Amino acid sequence: MSAHRIVRPEQLDLLPHAHPAALRSRRDLVRINRVMGNWRWLRTTMFERIRSSDTILELGAGDGGFARWLRRDSSADRAGWRVRGLDLVARPVDWPTAWPWTRGDMLDPSVDLSGDVVVANLVLHHFEDAALERIGRRLRETARLVLVCEPARGAINLALARSLALIGAGPVTRYDAPVSVQAGFTGMELPEIMGFAPDAWTVEVRTGFFGAYRMIAQRRVVGEAIGL
């Protein structure tokens with residue numbers, strides 16, 4: 001296992017959105033998110049930290065799976081959340097009607113990345129360090145809270161990724177999963193790359209049992225003491 005990130009193209013990103021193999025792979029990703037506990041962790045952390053007035057942006061919202069799942073939660077509905085999705089693809093047909101959608105590239109400086117709360121699930125590992133630094137620089141301009149779930153890089157997690165055939169994962173997922181782990185993160189790597197400096201941000205990094213790398217970056221209140 002390399003000590004450094006290795007970012008390579010994944011097959012799902014190269015397939016047409018409606019290709020049968022792509023559709024199967026996205027179904028696999030729903031199961032993988034369930035096993036890793038990503039959606040549950042994001043929802044729980046959002047409830048703990050979101051304010052009623054916050055705007056919410058989901059980076060790489062894809063087919064809208066997380067947002068639809070979240071929208072079905074009656075507590076989220078009562079909280080009045082409105083998530084703006086951002087992705088290269090068109091707005092999913094079943095994206096919640098009241099929730100906005102932006103089609104665009106998050107590396108394009110003309111694309112709006114503003115949001116009080118920014119959520120990213122299994123998307124940031126696709127980017128090289130230089131691109132992550134650019135994304136982080138823009139998020140730091142407006143966000144007060146950034147929540148991230150990504151693959152945790154490591155030998156055990158790579159072995160888990162290579163065993164997905166055991167749960168019936170399709171060929172695209174079986175190829176992409178080890179590639180994702182090798183492009184994943186460890187330790188304080190991601191917040192350091194994205195520029196969430198400890199003098200301005202409180203950062204927590206956790207690793208889940210099934211290979212999830214989770215980051216919470218919350219802007220410090222002006223005058224807040226560090227390390228107290």
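Residues numbered from 1 in each chain as written. Predicted model: local features only at pLDDT ≥ 70, side-chain atom pairs only at ≥ 80, totals over all residues. Heavy atoms only, no water.

Participant: Looking at this structure, how should I read the overall build of the protein?
Facilitator: Scanning the protein for helices and strands turns up nine helices and seven strands. Relative to a compact globule of 228 residues, whose C-alpha radius of gyration would be 17 Å, the protein shows 17 Å and is just as compact. By its C-alpha atoms, the protein is 50 × 45 × 35 Å across when sized along the principal axes. For the protein, the residues scored as buried account for 48% of the 228 residues in total. For the protein, the share of sequence-separated contacts (at least 6 apart) that also reach a separation of at least 24 residues comes to 72%. In the form shown here, the protein has an accessible surface area of approximately 11300 Å², with 56% of it arising from carbon and sulfur atoms. (Helix = DSSP H or I, 4+ residues; strand = E, 2+ residues; numbered from the N terminus. Rg over C-alpha atoms; globule rule 2.2 N^0.38 Å. Buried < 20%, exposed > 50% of the residue type's maximum accessible area, 1.4 Å probe, protein only. Contact = heavy atoms within 4.5 Å. Areas by Shrake-Rupley, 256 points an atom, 1.4 Å probe, with all protein chains shown as cover.)

Participant: Before we go on, may I ask you to explain the packing of aromatic side chains in this structure?
Facilitator: Aromatic rings considered in pairs are described by the distance between their centres and by the relative angle of their planes. The final tally for this structure, using the stated rule, is nine aromatic pairs. Ring geometry for Trp95 and Trp101: centres 4.8 Å apart, planes at 75 degrees, overall edge-to-face. The same class applies to Trp95 and to Trp101, which are both buried. Counting every residue linked through ring pairs, the aromatic cluster contains Trp39, Phe66 and Trp69. (Phe/Tyr/Trp six-rings, centres within 6.5 Å; stacked < 30°, edge-to-face > 60°.)

Participant: Whenever I open this one, the pattern of salt bridges confuses me. Can you help?
Facilitator: Think of it this way: side chains of opposite charge can pair up when their charged atoms draw near. Scanning the entire structure with this criterion turns up ten salt bridges. The partner of Arg5 in a salt bridge is Asp129, and the shortest N-O contact between them spans 2.7 Å. On the criterion of sequence distance, the pair formed by Arg5 in the segment before helix 1 (11–14) and Asp129 in helix 6 (residues 129–142) is long-range, its members being 124 residues apart. For Arg5, a relative accessible area of 14% translates into the label buried. Asp129 gets classed as partly exposed once you look at its relative accessible area, which sits at 37%. A salt bridge links Arg31 to Asp28; the nearest nitrogen and oxygen atoms lie 3.1 Å apart. (Salt bridge = Lys/Arg side-chain N within 4 Å of Asp/Glu carboxyl O.)

Participant: Even after reading the chapter, I still don't get the environment of Thr142, so can you show me in this structure?
Facilitator: One can find Thr142 in helix 6. A relative accessible area of 36% places Thr142 in the partly exposed class. Apart from residues lying up to four places away in sequence, Thr142 is in contact with Leu113, Ser114, Gly115, Asp116 and Arg219.

Participant: Which parts of the structure should I look at to understand the side chain of Arg84?
Facilitator: Within the secondary structure layout, Arg84 lies in strand 2 (residues 83–87). A relative accessible area of 11% means that Arg84 is categorised as buried. Apart from residues lying up to four places away in sequence, Arg84 is in contact with Ile56, Leu57, Glu58, Trp95, Pro100, Trp101, Thr102, Asp112, Leu113 and Ser114.

Participant: Help me understand the packing of helix 2 (residues 20–36) against helix 3 (residues 38–49), please; the structure alone is not making it clear to me.
Facilitator: The description of two packed helices rests on the angle between their axes and on the distance between the axes. It is the contact of helix 2 with helix 3, at a shortest axis distance of 5 Å, that shows an interaxial angle of 60 degrees. Relative to helix 3, the element helix 2 is oriented oblique. Contacts from Val30, Asn33, Arg34 and Met36 in helix 2 reach Asn38, Trp39 and Arg40 in helix 3. (Axes fitted to C-alpha atoms, helices over the stretch in contact; angles between N-to-C directions. Parallel < 35°, antiparallel > 145°, perpendicular 65-115°, else oblique.)

Participant: Whenever I open this one, a nonpolar patch on the surface confuses me. Can you help?
Facilitator: Taken together, the side chains of Val35, Phe209 and Phe210 make up a nonpolar region of the molecular surface, amounting to roughly 360 Å² of accessible area. Looking at where Phe209 falls in the secondary structure, it is placed in the loop between strand 6 (201–207) and strand 7 (212–219). Judged by its relative accessible area of 73%, Phe209 falls in the exposed class. (Patch = residues over 30% accessible without salt bridge, like charges linked within 9 Å, V, L, I, M, F, W, Y side chains within 5 Å.)

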